[in-house]
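# Structure at a glance
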Amino acid sequence: MDPVENPFRPGAGRRPPVLAGRERILSNFDVVVRRAENYGEGDRSWVINGLRGVGKTVLLNELMSQANARKWIVAKVEASTSAPLRRVLATELVKALRTATGRHADRSKWKRVLGVLRSFTFKLGIDGITLGIDVDPVHGVADSGTFGDDLAALLEVIGEASLEFGIGTLILVDELQEAGTDDLEAVNMAVHSLGQAPTPLPVFFVGAGLPSLPAQLADAASYAERLYVYQPIGLLSPDDVRTALVEPCEQRGVTWQEDALAAAFELARGYPYFVQSIGKHVWDLAAGPAFTMDDVQAGGALAREEIDAGLYRSRWERATTAQRRLLTGMAHLKGEDPVEIGELAAHLGKARTSDLSVARQELIKKGLVYAPERGLVAFTVPGMADFVIAQDA
Ligand SMILES: Nc1ncnc2c1ncn2[C@@H]1O[C@H](COP(=O)(O)OP(=O)(O)O)[C@@H](O)[C@H]1O
Ligand SMILES: [Mg+2]
């Protein structure tokens, strides 16, 4: 088939042609949007958590584009270990407000927000940010120097402005598990304070990250469990995989033979990234207009190679010998499932669980494994266990 027409999009954060199986979350978001616009009321913030490649980033992007289409104030950032969240968030909020002042031109209503924003960024020592409008800083609001308090105060002022314009504010943080504990504490604090008002302002925060994120947030504040609505996302159901593979093709007059589709299911195992990769390679190889078993076998093999090289091998190669031993132990003991550190230590002939601490910590830092709960360890990417076992053979 003509690769120019190929609808599938494997790759981090790349929008799939059909966003399958996320209807519930999207309809929940619709409720948030309508409450904000019709009643000027904010909802509890969300945490979207799931393994790598299940579609957290594309979901955040979808929420972002919906909010943008409604002319909301929208800021999206990615937390990372290389830059403090407060800096990237402040910078992005400035940009979001510049866009918003263009969208809602009544300047008098923005004066206070921009003045507070100036004090906020000044206090954080962020310079080189221009607001585009000349305003004097508002002193005494959002400039205490305590990031959590200041963020809370800034969001309150932004929320008041949203209310005046009949819109909402959406703040999205991807890879939130990478943020430092003090930044997580500050986010918890700001989100907590937003929810305290008799009628919460229409400011909505969504954090996305690995399955360890809820536990990390709870470590940063004991009330975090009740602070967020957790929206775990995972593998797609068979029906959703069918939709994700079939619909984009149908729209282009292409079909899958039943046995070919069954084989593609088998390979994809519900993993959204695989779905896109298989779809892409089958499309490129097939003569069409009906995909056959042979197409899936040939395309599936290419997808497998691409996934091995892009997803597993790069991670495996980043691991040292000691770290690989730990990974291999995990794969042999429990496959895809979380492994108890004690059991792993025994399996690897270590006297104490602490003998594994260094390797485990390094693997967490490299993003290969995470701790679903205290004392447990699991792979961050679906299918990694099989790959690790194949390396060992
Ligand atoms: N609901 C979905 N239906 C079909 N494909 C999806 C879906 N969600 C994500 N994908 C695809 O999966 C891949 C990984 O998505 P991404 O958002 O980067 O995952 P994550 O941020 O969780 O690591 C992309 O190629 C994307 O197109
Ligand atoms: Mg992502």
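Residues numbered from 1 in each chain as written. Chains lettered and ligands numbered in written order. Predicted model: local features only at pLDDT ≥ 70, side-chain atom pairs only at ≥ 80, totals over all residues. Heavy atoms only, no water.

### Here's the deal with the overall build of the chain
Cut-off, in case you're wondering: Strands are runs of DSSP state E lasting at least 2 residues, helices are runs of H or I lasting at least 4, and numbering of each runs from the N terminus. It is over C-alpha atoms that the radius of gyration is taken, and the globule rule equals 2.2 Å times the number of residues to the power 0.38. Exposure categories follow from relative accessible area, calculated using a 1.4 Å probe and restricted to protein chains: below 20% of the type maximum is buried, above 50% is exposed, and the middle band is partly exposed. Contact criterion: two residues are considered in contact whenever any of their non-hydrogen atoms come within 4.5 Å of each other. Each accessible area value is a Shrake-Rupley result obtained with a 1.4 Å probe; residue values ignore everything except the protein chains displayed when judging cover.
Looking only at helices and strands, the chain features 16 helices and 10 strands. Taking 2.2 N^0.38 as the reference for a compact globule, 393 residues should give roughly 21 Å; the C-alpha atoms of the chain span a radius of gyration of 23 Å, in line with that estimate. Overall, the chain is about 65 × 60 × 35 Å in size when its C-alpha atoms are taken along their principal axes. Counting across all 393 residues of the chain, residues that qualify as buried make up 49%. A sequence separation of at least 24 residues applies to 73% of the contacts in the chain between residues at least 6 apart. For the chain, the exposed surface amounts to about 17700 Å²; the carbon and sulfur share of it is 49%.

### Points about the domain arrangement of the chain
The line we're drawing: Domain start and stop positions are those given by an automatic or database domain assignment. Two parts placed together each lose some accessible area under a 1.4 Å probe, and the buried area is that loss summed for both. Salt bridges are defined by distance alone: a side-chain nitrogen of Lys or Arg within 4 Å of a carboxyl oxygen of Asp or Glu. Identification of polar contacts relies on pairs of N or O atoms within 3.5 Å, with a donor-acceptor requirement for protein atoms, meaning one able to donate a hydrogen and the other able to accept it, and with residues adjacent in sequence counted only if both atoms are side-chain atoms.
One can read the domain layout of the chain as domain 1 (23-232), domain 2 (236-315) and domain 3 (318-392). A C-alpha centroid distance of 35 Å is found between domain 1 and domain 3. On the side of domain 3, eight residues touch domain 1, which itself brings six residues to the contact. Contact between domain 1 and domain 3 buries roughly 610 Å² in total, counting both sides, with carbon and sulfur atoms accounting for 61%. Summed over the three residues of domain 1 that lose the most area to domain 3, namely L51, R52 and S212, the buried surface amounts to 59% of that side. Here domain 1 is connected to domain 3 by one salt bridge. Notably, a salt bridge pairs R374 with D219, separated by 3.5 Å at the nearest N-O pair. Taken together, the links from domain 1 to domain 3 amount to two residue pairs in polar contact (both at pLDDT 80 or more).

### Observations concerning the packing of helix α3 (residues 85-103) against helix α5 (residues 147-165)
Test applied: For helices, the fitted line uses only the C-alpha atoms of the stretch in contact; every axis is such a line through C-alpha atoms, and the angle between N-to-C directions lies from 0 to 180 degrees. Here the word oblique covers every angle except those under 35 degrees (roughly parallel), over 145 (roughly antiparallel) and from 65 to 115 (roughly perpendicular). Crossings are classed by handedness, with left-handed meaning an anticlockwise turn of the near helix from the far one by less than a right angle and right-handed meaning a clockwise turn. For this classification, Asp, Glu, Lys and Arg are treated as charged, while Ala, Val, Leu, Ile, Met, Phe, Trp, Tyr, Cys and Pro are nonpolar and the rest, including Gly, are polar.
Here α3 crosses α5 at 15°, and the two axes come no closer than 13 Å. In terms of orientation, α3 and α5 fall into the roughly parallel class. Pair α3 / α5 crosses with left-handed handedness. Residues R86, L89, L93 and L97 of α3 form the contact with α5, whose own contacting residues are F147, L151, L154 and I158. Class assignment for the residues of the contact of α3 with α5 results in seven nonpolar, no polar and one charged.

### As for the pairing of strand β1 (residues 45-49)
Put simply, the rule reads: Any two strands between which DSSP finds at least two bridges are classified as paired.
For β1, a buried count of five out of five residues is recorded, marking the element as mostly surrounded by other parts of the structure. Neither face of β1 is left uncovered, since the one carrying S45, V47 and N49 and the one carrying W46 and I48 both have all their residues buried. Relative to strand β5 (residues 228-232), β1 is paired through five bridges, and the arrangement is parallel. In the sheet register, I48 faces β5, and the bridge partner there is Q231. Pairing between β1 and strand β4 (residues 203-209): four bridges, direction parallel. What sits directly across from I48, in β4, is A208.

### A short note on the packing of helix α10 (residues 258-268) against helix α12 (residues 293-317)
Running from amino to carboxyl end, α10 crosses α12 at an angle of 25°, the nearest separation of the two axes being 8 Å. Judged by the inter-axis angle, α10 sits roughly parallel to α12. For α10 against α12, the interelement crossing comes out right-handed. Contacts between α10 and α12 involve D259, A260, A263, A264 and L267 from the first element and M293, V296 and G300 from the second.

### Focus: the site of ligand 1
Heads up, the condition is: For this purpose, a residue is taken to be near a molecule or strand whenever a single non-hydrogen atom of the residue falls within 4 Å of it.
The full set close to ligand 1 counts 23 residues, and R9, G13, R14, G53 and K56 are the nearest of them. Between ligand 1 and the protein, one listed contact pairs a nitrogen atom with a backbone N or O atom of A20 at 2.8 Å. Burial of ligand 1 by the protein amounts to 96% of the accessible area it has alone, namely 570 Å². Of all the secondary-structure elements, those providing two or more residues to the shell around ligand 1 are α2 (56-69) and α11 (272-285). Looking at the shell around ligand 1, its residues break down into 12 nonpolar, six polar and five charged. Mapped onto the domain boundaries, the shell around ligand 1 takes at least three residues apiece from domain 1 (23-232) and domain 2 (236-315).

### Some words on α2
Note the threshold: A helix is expected to reach a length of 1.5 Å times the quantity of its residues less one.
Taking 1.5 Å as the rise per residue, α2 with 14 residues should run 20 Å; its terminal C-alpha atoms sit 20 Å apart, in good agreement. K56, V58, L59, L60, E62, L63 and A67 are the residues of α2 that are buried. The elements touched by buried residues of α2 are α1 (23-39), β1, β2 (73-78), β3 (169-174) and β4. The first or second residue beyond α2 is K71, which carries a positive phi of 60°.

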